[in-house]
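Architecture and fold: a report
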Amino acid sequence: MIDQGAPPQGRGQTVPPTPGLGARLMRRKPVEVLVAEGGQGEGGTLRRSLGLWQLTMISIGATLGTGIFVVLGEAVPKAGPAVTLSFVIAGLTALFSALSYAELAGTIPVAGSSYSYAYATMGELIAWVCGWCLVLEYGVSVAAVAVGWGEYLNELLDGTIGVTLPDALSAPPGDGGVFNLPALIVVLLAMAFLLGGARESARANTVMVAVKIAALVLFCAIGVQGLRSGNYEHFMPLGMSGVSAAGATLFFSYIGFDAASTAGEEAKDAQRDLPRAIMLSLVIVTALYVLVAAVAVGAKPWRQFNDSEAALAQIMRDVTGQGFWATLLAACAVIAIASVVLTVLYGQTRILFAMSRDGLVPKVFSRVHPKTGAPRANTVIVSLFCGVLAAAVPLGQLADATSIGTLFAFALVNVAVVVLRRTRPQMNRTFRVPLSPLLPALGFAFCLWMMGSLSTVTWVVFGVWMAVGLVVYFSYGHRRSRLAPPAPSEK
């Protein structure tokens with residue numbers, strides 16, 4: 001029987017088949033479309049105001065300080081004096097991934113960072129997974145760093161006015177506190193800067209980066225006076241497993257160049273400057289990390305670090321026997337860590353901006369204020385979420401959760417650069433990874449190795465986070481994606 005309600009089918013007319021689930025999950029967004037949409041948001045556009053200097057400072061600002069000022073006290077008990085080697089391993093892993101980031105940032109200069117790179121090369125589902133990892137990486141990183149900020153604020157208050165905030169208001173639950181008020185405050189201060197626009201935030205960050213570099217140079221100059229050769233004996237007391245475990249935790253400190261790549265739609269010449277900023281910042285940061293770590297473990301026996309989150313200030317006090325230098329370092333650390341919060345929070349908002357523009361998360365995240373050229377609603381929502389997280393979760397759990405999200409995203413970037421080389425070999429590339437695909441393969445392998453060094457609890461948290469992400473994607477993003485075919489009523 002003929003269906004009388006069906007439209008007539010003439011010769012040569014065919015009904016396009018509905019793509020299957022696999023095809024829909026693998027749909028890719030063309031590079032040309034990604035680049036053409038650069039800066040465009042709901043109600044306005046992002047402003048291109050950042051040059052090479054500002055991009056490098058964003059990268060250093062997001063990186064330098066976290067592993068030294070905050071996480072060093074947690075990493076040393078895992079590796080002993082070999083924590084310097086842990087920094088080298090983490091930096092080498094970051095270098096392989098940074099090379100891939102540099103090539104893709106110069107080829108696809110957009111705000112989404114590795115999320116957008118995956119969208120262009122491996123399809124929507126992989127892009128979503130990558131973007132969801134970046135939400136974990138950036139959002140939790142902001143919270144983790146903010147927790148450590150409170151420790152140095154107490155050091156500063158104690159050295160200047162002789163009082164400290166009570167644990168109930170300066171430590172998160174699980175660490176003897178009820179609500180970490182300083183962590184919330186620093187996130188809200190960063191939010192205030194970001195609401196003013198990218199250029200204003202970059203200026204403030206540049207000043208803070210100069211302060212943090214000066215503080216670390218000062219620490220080395222004073223800390224070297226307390227070096228004891230005996231502190232380097234039994235260099236690797238917990239073996240290579242301890243070194244790799246510490247390296248996995250410290251990798252949390254190397255996400256700065258990723259933050260630089262999120263500025264692709266606000267850079268004046270993104271294709272030229274982003275690769276340079278990524279590589280330059282990584283070299284500077286790794287050198288300073290290794291130098292400061294070597295001085296720290298030489299000036300203080302590794303067993304005495306005891307998970308301290310203000311380790312450098314304590315070393316300054318022990319070496320000099322005076323509170324002045326420790327107080328000065330604490331003051332610099334308060335400014336330095338604030339810059340990490342500022343730049344990483346910036347990166348988080350720009351990634352959500354890109355995901356929102358693609359329809360995978362609500363449109364509110366891509367709404368741009370016409371006066372400042374900043375995604376204001378996005379910034380407020382992300383800041384409040386990260387601030388509450390910082391006030392409620394212990395630092396160690398946050399740092400490890402950030403590391404696994406970062407490593408997974410970096411692993412995907414190493415795959416993406418090889419895929420794009422094979423599928424679009426003729427594209428203009430302002431930077432090319434040398435010895436490809438060997439170095440991207442090494443970057444991928446190092447990321448997997450360091451992920452394997454993380455605790456079972458961290459893997460469970462990561463698995464739960466991924467499961468939640470898939471539920472969000474299939475219930476919202478998959479249907480609302482701009483690449484999704486129109487519903488029958490819309491055709």
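The structure this text deals with has already been given above.
Residues numbered from 1 in each chain as written. Predicted model: local features only at pLDDT ≥ 70, side-chain atom pairs only at ≥ 80, totals over all residues. Heavy atoms only, no water.

**Observations concerning the overall build of the protein chain**
For the record, the criterion: The way it works is that DSSP assigns letters per residue, a run of H or I at least four long becomes a helix, a run of E at least two long becomes a strand, and they are numbered from the N terminus. For the radius of gyration, the atoms used are the C-alpha atoms, and the globule rule reads 2.2 Å times the number of residues raised to 0.38. Burial classes follow relative accessibility: with a 1.4 Å probe on protein chains only, a residue under 20% of its type's maximum area counts as buried, one over 50% as exposed, and anything between as partly exposed. Contacts are assigned to residue pairs with any non-hydrogen atoms lying within 4.5 Å of each other. The protein chains shown are the only cover counted for residues, whose accessible areas, like all others here, come from Shrake-Rupley with a 1.4 Å probe.
The secondary structure content of the protein chain amounts to 19 helices and 2 strands. Whereas a compact globule of 491 residues would reach a radius of gyration of roughly 23 Å, the protein chain reaches 23 Å, a difference of no more than 12%. Counting only C-alpha atoms and orienting by the principal axes, one finds that the protein chain spans roughly 95 × 45 × 40 Å. The burial tally for the protein chain puts 58% of its 491 residues in the buried class. Contacts in the protein chain between residues far apart in sequence, at least 24 positions, make up 84% of those at least 6 positions apart. Surface accessibility of the protein chain: about 19,000 Å² in total, with carbon and sulfur atoms responsible for 65%.

**Examining the nonpolar core**
Here is the rule we go by: We call a set of buried residues a nonpolar core when its members are Ala, Val, Leu, Ile, Met, Phe, Trp, Tyr or Cys and they connect through side-chain atoms within 4.5 Å of each other.
With 152 residues, the main nonpolar core has F69, L72, V83, F87, Y152, F219 and L312 as its most contacted residues. The leading source of residues in this core is helix α7 (residues 124-160), at 20 residues. Not counting the four nearest positions on each side in its chain, F219 is found in contact with V224, V292, V295, A296, L312, I315, M316 and L329.

**Considerations on the packing of helix α15 (residues 323-357) against helix α16 (residues 376-392)**
We count it as follows: The angle between two axes is taken between their N-to-C directions and runs from 0 to 180 degrees, where each axis is a line fitted to C-alpha atoms and a helix contributes only its stretch in contact. Between 65 and 115 degrees an angle is taken as roughly perpendicular, under 35 as roughly parallel, over 145 as roughly antiparallel, and anywhere else as oblique. It is the rotation of the near helix from the far one that decides the hand of a crossing: anticlockwise by less than a right angle makes it left-handed, clockwise makes it right-handed. Put simply, Ala, Val, Leu, Ile, Met, Phe, Trp, Tyr, Cys and Pro go in the nonpolar bin, Asp, Glu, Lys and Arg in the charged bin, and everything else, Gly too, in the polar bin.
Close contact between α15 and α16 brings their axes to 10 Å; oriented N to C, the two are set at 125°. Classified by the angle their axes make, α15 and α16 are oblique. Both α15 and α16 take part in a crossing whose hand is right-handed. Note on element contacts: α16 touches α15 through N378, T379, V382, S383 and C386, opposite L345, Q348, T349, L352 and F353. Looking at side-chain class alone, the contact of α15 with α16 contains 5 nonpolar, 5 polar and no charged residues.

**Here's the deal with the packing of aromatic side chains**
Heads up, the condition is: Aromatic pairing here means that ring centres of Phe, Tyr or Trp (its six-membered ring) are within 6.5 Å. Orientation follows from the plane angle: under 30 degrees is stacked, over 60 is edge-to-face, and everything else is tilted.
If you walk through the whole model with that rule in mind, you get 12 aromatic pairs. Both rings, one in F87 and one in Y289, keep their centres 5.1 Å apart while their planes meet at 40°; by these two values the pair is tilted. With F87 in helix α5 (residues 83-107) and Y289 in helix α13 (residues 270-299), this residue pair connects regions lying 202 residues apart in the sequence. For the pair F87 and Y289, a shared accessibility class is recorded, and that class is buried. Three or more aromatic residues joined by ring pairs form one cluster here, namely W128, W132, W465, Y473 and F474.

**Describing the side chain of S244**
When you line up the elements, S244 lands in helix α11 (residues 239-250). The class for S244 is buried, based on a relative accessible area of 7%. Ignoring any residue separated from it by four or fewer positions in sequence, one finds S244 in contact with W449 and S453.

**Comments concerning unusual backbone geometry**
A cis geometry characterises the amide bond from S436 onward to P437, with omega recorded as 10°. Secondary-structure assignment places P437 in the loop between α17 (395-423) and α18 (438-452). Phi is positive for S113, which is not a glycine, with a value near 55°. Position of S113 relative to the elements: it lies in the loop between α5 and α6 (114-121). Exposure remark for S113: the relative accessible area of 0% places this residue in the buried category. Not every positive phi belongs to a glycine, and L435 is a case in point at roughly 55°.

**Thoughts on a nonpolar patch on the surface**
To be explicit about the condition: Patch membership needs two things, relative accessible area over 30% and no salt bridge, and members are linked within 9 Å if like-charged or within 5 Å if nonpolar (Val, Leu, Ile, Met, Phe, Trp, Tyr). Note on definitions: salt bridges are taken to be side-chain nitrogens of Lys or Arg within 4 Å of carboxyl oxygens of Asp or Glu.
A surface patch of nonpolar side chains, amounting to about 500 Å² of accessible area, comprises L169, V178, F179, L181, I185 and L189. Sorting elements by how many residues they give to the nonpolar patch places helix α9 (residues 181-195) first, with 3 residues. The partly exposed category is assigned to L189, whose relative accessible area is 47%.

**Some words on the state of the cysteines**
Threshold: Working definition: a disulfide is two cysteine sulfur atoms within 2.5 Å of each other.
Under the definition given, this model contains 0 disulfides. Unpaired in this structure, C133 has its nearest cysteine sulfur neighbour in C130, at a distance of 6.5 Å. For C133, a relative accessible area of 0% puts it in the buried group. Between C386, a cysteine without a disulfide, and C133, which holds the nearest cysteine sulfur, the sulfur-to-sulfur distance is 16 Å. According to the relative accessible area criterion, C386 is buried, its value standing at 0%.

**Description of α9**
Just so we agree on the cut-off: Helix span is expected to be 1.5 Å times the residue number reduced by one. Contacts described as polar in this section are N or O atom pairs within 3.5 Å, which, within protein, must combine one atom able to donate a hydrogen with one able to accept it, while residues neighboring in sequence count only if both atoms come from side chains.
Under the 1.5 Å per step criterion, the end-to-end length of α9 is 21 Å for 15 residues, consistent within 8% with the ideal 21 Å. Among all positions in α9, only P182, A183, L184, V186, V187, A190, M191 and L194 are buried. Residues of α9 that are buried sit in contact with α7, α8 (167-170), α10 (198-223), α15 and α16. N-capping of α9 is provided by N180, with a side-chain oxygen placed 3.2 Å from the backbone N of A183. Immediately downstream of α9, the backbone of G197 shows phi near 115°, a positive value.

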